[in-house]
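A structural walkthrough
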Amino acid sequence: MRAYNFCAGPAALPTAVLEKAQSELLNWQGKGVSIMEMSHRSKDYIAVAEQAEADLRNLLNIPNNYKVLFLQGGASLQFSAIPLNLLGKNNQADYVHTGIWSDKAIKEAKRYGNIHTIDATYDVEGKMAIRPSQDWQLSENASYVHYCDNETIGGIQFGEIPTTTAPLVADLSSSILSTPLDISKFGLIYAGAQKNIGPAGLTIVIVRDDLLDQTKPEIPSLLKYSAQADNASMLNTPATYSWYLAGLVFEWLKEQGGVEAIHKINLEKSNLLYGYIDQSDFYANPIAQPNRSIMNVPFTLADSSLEKLFLQEAEAAHLLNLAGHRSVGGMRASIYNAVPLEGVQALVDFMDQFANKHG
Ligand SMILES: *Cc1c(COP(=O)(O)O)cnc(C)c1O
């Protein structure tokens, strides 16, 4: 049987997608070879790549004045690519700090320009919250404002899109395709694929056309968005299998009714889990209600000495990868699009049994 996988990334993929990939692994559409063994320049592969882009554009309603790039290097390489492409003559940007991933983006950007940081988290009655963008001290000459929509490790998420005058740049690695999104509010969004899109090795960048001509001259060609856009993300060999599999995930998501339909299920899932945690004396979540992540739910046990046992018993019940990030400890359930409501119900049932037994 397949277990329920709560891994933060690489994360669960829809079983139907894996079955489809399995069925055509050895012989893709009667061609006698796997899609992995095909030239990325072949007509067949280009059709697969273009269909994936068309489906993503359709799912997110991406306006025509945005390029969609299928790149490599993970979201972390974008921490460098973004300043190199977008800092421009001002050489200045604002970065919003909300946790470990935005912090990494800040550290990398500081190697390239003047980075002003806004510490946007604060304490509300012992819980962590995000200050609304009206209260941020933004710079006048920032080329862009960067933030991380969903801090995958801390489980803290923006309840709304910030309002800024400079173009908004967002790390959506762990929240893309989980919630309907107005792309026109952004200058650029990016996401590593391994949370809500597909296998690791692929990174999606969606960037507005008018931001493509401010690159630093020394930028590596492979990081240059305009060069990648001019070459349909095939400046060199792309991550062909990850791109193909992302295409299958997009197809699956369309069959589920698209982003709005999956968002409803995501809300059901997160409400179920937070609701259970909140009524329990045994478990706790450290985030203020409006900023709770609907994708990554960290929680602690009243008695932290029971953590190891919790993980052991969870694994025996086929509930996998519930340990928190190595830097913060505790537990974390990542409940991305591919984790079904039944999986979250099974987790809640297990948590309840565990609390009754050991509480
Ligand atoms: C996982 C993650 C990253 C890093 O992704 P890589 O592809 O491993 O570089 C960056 N930001 C967020 C929000 C993430 O969840």
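Numbers given for residues are sequential positions, taken from 1 along each chain in its written order. With the structure being a predicted model, the display of local features is reserved for residues of pLDDT at least 70 and the display and counting of side-chain atom pairs for 80 or more, all residues being used for whole-chain, interface and lining totals. Excluding hydrogens and water, the side-chain figures rest on all heavy atoms present in the structure.

As annotated in an unreviewed UniProt entry, the protein carries the name Phosphoserine aminotransferase and is attributed to Acinetobacter pollinis.

So, about the sheet that holds strand β14 (residues 296–301). Strands were regarded as paired on the criterion that DSSP finds at least two bridges between them. A run of H or I in DSSP becomes a helix once it reaches four residues, and a run of E becomes a strand once it reaches two; helices and strands are each numbered from the N terminus. The antiparallel open sheet is built from three strands, whose spatial order is β13-β14-β16. In this open sheet, the two edge strands, each paired with only one partner strand, are β13 (283–284) and β16 (331–334). Contacts were defined at the residue level, with two residues in contact if any of their heavy atoms lie within 4.5 Å. With axes taken as lines fitted to C-alpha atoms, and helix axes fitted only over the stretch in contact, angles between N-to-C directions fall between 0 and 180 degrees. Most of the contacts of helix α7 (residues 258–279) go to β14, to which it runs at about 20°, and overall it touches β13, β14 and β16.

Before going further, it helps to spend a moment on the site of the ligand. For the ligand, the set of nearby residues contains 13 residues, the closest of which are Ser76, Thr152, Asp171, Gln194 and Lys195. Pairs of N or O atoms are called polar contacts if they sit within 3.5 Å, as long as, within protein, a hydrogen donor faces a hydrogen acceptor (for residues adjacent in sequence, only side-chain-to-side-chain pairs). Between threonine 152 and the ligand, the recorded distance is 2.4 Å, taken from a side-chain N or O atom to an oxygen atom. Residue aspartate 171 places a side-chain N or O atom 2.6 Å away from a nitrogen atom belonging to the ligand. Within the complex, 87% of the 390 Å² of free accessible area of the ligand lies under protein. Element by element, the count of residues in the shell around the ligand is highest for helix α3 (residues 74–86), at four residues. Any residue outside Ala, Val, Leu, Ile, Met, Phe, Trp, Tyr, Cys, Pro, Asp, Glu, Lys and Arg is labelled polar, Gly included; the first ten of those are nonpolar and the last four are charged. A breakdown of the residues in the shell around the ligand according to their chemical character gives four nonpolar, seven polar and two charged. We call a residue near a molecule or strand as soon as one heavy atom of that residue lies within 4 Å of the molecule or strand. All accessible-area figures derive from a Shrake-Rupley calculation using a 1.4 Å probe, and residue coverage is judged against the displayed protein chains alone.

A separate point is α7. Multiplying 1.5 Å by the residue count of a helix minus one yields the expected span of that helix. Over its 22 residues, α7 runs 32 Å from end to end, which matches the ideal 32 Å to within 8%, given 1.5 Å per residue. Buried residues are those whose accessible area, probed at 1.4 Å on protein chains only, stays under 20% of the maximum for their type, while exposed residues exceed 50% and partly exposed ones sit between those limits. Every buried residue of α7 is accounted for by Gly258, Val259, Ile262, His263, Asn266, Lys269, Ser270, Leu273, Tyr274, Tyr276 and Ile277. Looking at the packing, one finds that the buried side of α7 touches α2 (43–60), α6 (240–255), β13, β14, β16 and α9 (341–358).

It is worth spelling out the environment of leucine 223 at this point. In this structure, leucine 223 sits in the loop between β12 (203–208) and α5 (225–230). You can call leucine 223 buried: its relative accessible area is 12%. Between the C-alpha atom of leucine 223 and that of serine 80, which follows or precedes it by 143 residues, the distance is 8.6 Å. Here leucine 223 is in contact with Leu77, Ala81, Leu84 and Asn85, once residues within four sequence places are set aside.

A word on the pairing of β14. By the criterion of burial, β14 is predominantly enclosed, with five of the six residues buried. Of the strand pairs in this sheet, β13 and β14 are connected by two bridges, and their pairing is antiparallel. Within the sheet, the bridge partner assigned to tyrosine 283 lies in β14 and is leucine 301. Relative to β16, β14 runs antiparallel, the two sharing four bridges. Bridge pairing in β16 links phenylalanine 299 to methionine 331.

Okay, the packing of α3 against helix α4 (residues 100–109) next. α4 packs onto α3 with a crossing angle of 45° between their chain directions and a minimal axis gap of 9 Å. The pairing of α3 with α4 is recorded here as oblique in orientation. Remark: the crossing between α3 and α4 carries right-handed chirality. Facing Ser76, Phe79, Ser80 and Pro83 of α3, the residues of α4 in contact are Trp101, Lys104, Ala105, Glu108 and Ala109. Working definition: roughly parallel below 35 degrees, roughly antiparallel above 145 degrees, roughly perpendicular at 65 to 115 degrees, and oblique for all remaining angles. Helix crossings get a hand from a simple test, with the near helix turned counterclockwise from the far one by less than a right angle marking a left-handed crossing and a clockwise turn marking a right-handed one.

This part is about the environment of histidine 40. On the secondary structure map, histidine 40 appears in the loop between α1 (15–23) and α2. With a relative accessible area of 12%, histidine 40 lands in the buried category. Polar contacts involving the side chain of histidine 40 include one to the side chain of arginine 41, which spans 3.3 Å.

Mapped onto the present numbering, the UniProt feature "modified residue: N6-(pyridoxal phosphate)lysine" (unreviewed entry) falls on Lys195. Structurally, lysine 195 can be placed in the loop between β11 (188–192) and β12. With a relative accessible area of 13%, lysine 195 lands in the buried category. UniProt positions are given in the numbering used here, feature names are shortened, and annotations may be inferred rather than shown by experiment.

Residues belong to one nonpolar core when they are buried, are Ala, Val, Leu, Ile, Met, Phe, Trp, Tyr or Cys, and are joined through side-chain atoms within 4.5 Å. With 54 residues, the main nonpolar core has Leu56, Phe70, Leu177, Ile197, Ile206 and Phe250 as its most contacted residues. The leading source of residues in this core is α6, at nine residues. Source of the domain bounds: an automatic or database domain assignment. Three or more residues apiece are contributed to this core by two domains, here domain 1 (15–255) and domain 2 (258–358). If sequence neighbours within four positions are ignored, leucine 177 has contacts with Leu56, Leu59, Leu60, Asn196, Ile197, Phe250, Leu253, Val259, Ile262 and Asn337. Within the second largest apolar cluster, 28 residues are counted, among which are Leu306, Ala314, Ala333 and Leu347.

Another aspect to go through is empty space enclosed by the protein. Cavity: a set of points on a 1 Å grid over the protein atoms alone where a 1.4 Å probe fits but cannot get out. Pocket: an open set with protein on both sides within 12 Å along at least five of seven lines, its lining residues, like those of a cavity, having an atom within 4 Å of a point. Grid points are joined across faces, edges and corners, and a volume is the space filled by probe spheres set on the points. Per the stated rule, a full pass over the model turns up one cavity of 30 Å³ or more. Size it by volume and the largest cavity reaches roughly 90 Å³. Taken together, 16 residues make up the lining of the largest cavity; nearest its centre are Ala12, Lys195, Asn196, Ile197 and Ala338. In terms of residue class, the lining of the largest cavity is built from 11 nonpolar, four polar and one charged.

All right, on to the domain arrangement of the protein then. For interface size, the figure often reported is the accessible area lost on association. Domain boundaries in the protein define domain 1 (15–255) and domain 2 (258–358). If you look at the interface, domain 1 gives 27 residues, while domain 2 gives 26 residues. At the boundary of domain 1 with domain 2, total buried surface from both sides reaches about 2,100 Å², with 56% on carbon and sulfur atoms. Counted as salt bridges are all cases of a side-chain nitrogen of Lys or Arg within 4 Å of a carboxyl oxygen of Asp or Glu. One can count zero salt bridges joining domain 1 with domain 2. Applying the counting rule to domain 1 against domain 2 returns 14 residue pairs in polar contact (both at pLDDT 80 or more). The element contributing the most residues to the side of domain 1 that touches domain 2 is strand β6 (residues 127–130), with four residues. When its residues are assigned to classes, the side of domain 1 that touches domain 2 shows 12 nonpolar, 12 polar and three charged. Take the accessible area each of two parts loses on contact, using a 1.4 Å probe, and add the two losses: that sum is the buried area.

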